[in-house]
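Residue-level listing of the chains:
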Amino acid sequence: MGFYPTCSSHFKRVKIKLILILIMAAYIFARNEHYIGWKSYFVRPISKDHVRALVILGEKLDLDFLSPPHPEREALVLVPPKHQLEFITRLKYFTIKYWTHAENVKAALDHDDELLRNWTNVILRGGGTVMPYNSYLNLDAIYAYMHDVSMRHQKTVTMVTAGHSFEGRPLRYLKISTTNFQRRLKKIIFIDSGIHAREWIAPPVVTWIIHKLTDDVTEPKILDDFDWILMPIVNPDGYEFSFSKKRLWRKTRSTDTNPKSYRCPGVDGNRNFDFAWGATGTSSNPCSEIYRGNKAFSEVEIRAVRDIFQTYFNRMSMYISMHSFGSMILYPWGHNSSVSKYSFNLHLASSAMIKAIKNASLPNFPAYVNGNSVQTIFYTAGGAADDYAHNLGIPYSYTFELPGLSGGMEGFELDPMYIEQVCTETWLGIVAGITKTIKLAEKDRS
Ligand SMILES: [Zn+2]
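All values reported here derive from a predicted model rather than from experimental measurement.

S.K.: What's the story with the overall build of the protein chain in this structure? I'm lost.
M.R.: Helices and strands together make up the secondary structure of the protein chain, namely 13 helices and 12 strands. Looking at the protein chain as a whole, 57% of its 446 residues are labelled buried. Here the protein chain has roughly 19,700 Å² of accessible surface; of this, 56% comes from carbon and sulfur atoms.

And the structure:
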C-alpha cells in the first residue's frame, strides 16, 4: 500500500517538474523565436558611398540597424535569414568590411535574458527614493521614483499625467521649476526618452537629470535660469513589452492603424510626428520597424508629446530626444538634405556638449560625432520629433544617440556597469551645451 502511493507521488512530482521545465523551455523558446535563423553583423563603412549603400540595403533587405552606419565607426545590424546571402554578397561587392557579431541571434538573446534577470531584478529602497544606476529598471520603478521626487520636492517638482497609452498605462512627465513655470520670460528645456522601447540606456539618463535638478543640485544656476520638462518613458507599452516579452521591441503596441497591425502591432513613434510625415526613411508597412502609422499623430503617446510642444513651444529653447546607440548628437534637418538656418549655433552648442562629454568619458567609449542628421548618418527620416520641434521654432533641437556596446561583445546589452558613466557624462555635456547657448544669446544681443 505504502509503496505504490509514494512511487506514484514521486512520479507525479517528476512529471510536474518535467512539465515545468518544458513550460520554461517553451517560454524561453517563445520569447525570442522571431529571431530564429537571424544573424547580427558589425559593418564598417569608410566612406559616404559605403554608408549610402548600407542605408539602401537596409530598406531593401529589411535590415534592423541597432546603431546607425557612420563612416567613422562600426554599426551593428540584424539580418533576417532569407536575406543573409544577398547581404554578404552586396557587402563584398561594395567592399564594405564586416564581421559577425552573433552567429545565432536567438541564442545571444536567450543568453542576454539570463543576464537581464539579474540586471533588472531590483527592488527600490526607501519607496523609490534611492534610484540604482547599476541595473535597468522597469516602468513601475521609474514611475515610483518620479512620484517620490515630486512628493519630496513639492515646491519645485510637479508630476503630470498627460493621458494613457494605447494599453492604458499612464503617460507621465515631471515639470521642474524654481518659479512654478510662472515666469513667462524663462526658457524651457524639454528632454524625453524611451520613444524607442529597446533603447534602455536612455531613460536612466533622463532620471539622472531629474536627480541633478532635485536631490543633487551641483549647477544651481541652470536650475534657476530654466524651467524643465522631463519625460523618461514616452512609450510605456513598448518599454514594458521589451522587458516582459521581446527585448528588441522598438515601436509602440497599437493595433488599430492597419488591418495588418493585429499581426504586426506598433508604430515607430519617431516617424509619427506631423512634420514631413510619410517622407523617405519611413514605411507604410505595419511589419516594418520604421512604420509611420496610418496618419501623423496616430499614436496617443506621440499626441501627448505633441501637446507638450503645443503648450510650451514659445518658451522652449532646447529639446533633446534621447536614443541609443552610436555616440552621436544629431540636429535638423533630418527629413531632407536642406540645412537649418540655425545650423551654425546648433553645431557650436553640440560641439561644446561633445567636448565636455569627452573630458568625462572612458577610453573604451567611442568619441562622439555631431552634425546635421542627413550629413552625419546620410539618412533622411520624415515625421521625427527633432524636426517637428525645430519647425515649431525651438532653436536647439537634438537627437542624442547615447554610447552603446562596441565590437567584440557577445550579447546586445550595454553592461549595466556603464549606466552611471553614461548618465554623468551626458549630464555634463548638456550643462556645457546650455552654457554655450547662453553665451551665444548674449553675443546675439550685443
Ligand atoms: Zn531610437
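Picking up after the structure, the text goes on.
S.K.: Sorry, what's going on with the coordination of the zinc ion here?
M.R.: In ideal tetrahedral geometry, four donors around a metal make angles of 109.5 degrees, whereas ideal octahedral geometry with six donors gives angles of 90 or 180 degrees. Distances from the zinc ion to its protein donors, namely His 196 (ND1), Glu 199 (OE), Glu 199 (OE) and His 323 (ND1), fall within the range 2.1 to 2.3 Å. The sequence pattern describing where the donors of the zinc ion fall on their chain is H-x2-E-x123-H. On the criterion of sequence distance, the pair formed by Glu 199 in the loop between strand E7 (187-193) and helix H6 (202-213) and His 323 in strand E9 (residues 316-324) is long-range, its members being 124 residues apart. A residue is classified by how much of its surface remains accessible, and Glu 199, at 7% relative accessible area, is buried. Residue His 323 is classed as buried on the basis of its relative accessible area of 2%.

S.K.: Quick question: what am I supposed to make of the UniProt feature "active site" (unreviewed entry) in the protein chain here?
M.R.: In the numbering adopted here, UniProt assigns the feature "active site" (unreviewed entry) to Glu 401. With respect to the element layout, Glu 401 can be found in strand E12 (residues 396-402). With sequence-adjacent residues up to four places away left out, Glu 401 is seen in contact with Pro 68, His 323, Ser 324, Phe 325, Gly 326, Ser 327, Met 328, Leu 330 and Tyr 368. A polar side-chain atom of Glu 401 sits 3.5 Å from the main-chain amide nitrogen of Ser 324.

S.K.: Before we go on, may I ask you to explain helix H2 (residues 48-60) in this structure?
M.R.: Structural remark: α-helix, 3.6 residues per turn; residues separated by three or four positions point the same way. In this model H2 runs 18 Å from its N-terminal to its C-terminal C-alpha over 13 residues, within 8% of the 18 Å that 1.5 Å per residue would give. Listed in full, the buried residues belonging to H2 are His 50, Val 51, Ala 53, Leu 54, Val 55, Leu 57 and Gly 58. Looking at the buried positions of H2, the neighbouring elements they touch are strand E1 (39-44), strand E2 (64-65), helix H3 (84-93) and helix H11 (373-377). Phi turns positive, to about 55 degrees, at Asp 62, one or two residues after H2.

S.K.: I'm lost on the side chain of Thr 252 in this one. Help?
M.R.: Summarising the element assignment, Thr 252 is placed in the loop between helix H8 (236-244) and helix H9 (300-312). Here the side chain of Thr 252 touches Val 267 through a polar contact of 2.9 Å, landing on its backbone nitrogen. Among the polar contacts made by the side chain of Thr 252, one reaches the side chain of Glu 299 at a distance of 2.8 Å. With residues near it in sequence (within four places) discarded, Thr 252 still touches Asn 235, Pro 265, Gly 266, Val 267, Glu 299 and Glu 301.

S.K.: Could you clarify how one ought to interpret the pairing of E9 in this entry?
M.R.: Walk down a regular strand and you will see the side chains alternate between the two sheet faces. With nine of nine residues buried, E9 lies mostly within the body of the structure. Relative to E9, E7 runs parallel, the two being bridged by six bridges. Across the sheet, residue Ile 188 finds its bridge partner in E9, namely Met 316. Strand direction decides the pairing type here: E9 and E12, joined by seven bridges, are parallel. Residue pairing for E12: His 323 is matched across the bridge by Glu 401.

Thresholds applied
Residues numbered from 1 in each chain as written. Predicted model: local features only at pLDDT ≥ 70, side-chain atom pairs only at ≥ 80, totals over all residues. Heavy atoms only, no water. Helix = DSSP H or I, 4+ residues; strand = E, 2+ residues; numbered from the N terminus. Buried < 20%, exposed > 50% of the residue type's maximum accessible area, 1.4 Å probe, protein only. Areas by Shrake-Rupley, 256 points an atom, 1.4 Å probe, with all protein chains shown as cover. Donors = N, O, S within 2.8 Å, 3.2 Å for Na, K, Ca; no water. UniProt positions renumbered as here; feature names shortened; annotations may be inferred. Contact = heavy atoms within 4.5 Å. Polar contact = N/O pair within 3.5 Å; in protein donor to acceptor, adjacent residues only side chain to side chain. Expected span 1.5 Å × (residues − 1). Pairing = 2+ DSSP bridges.

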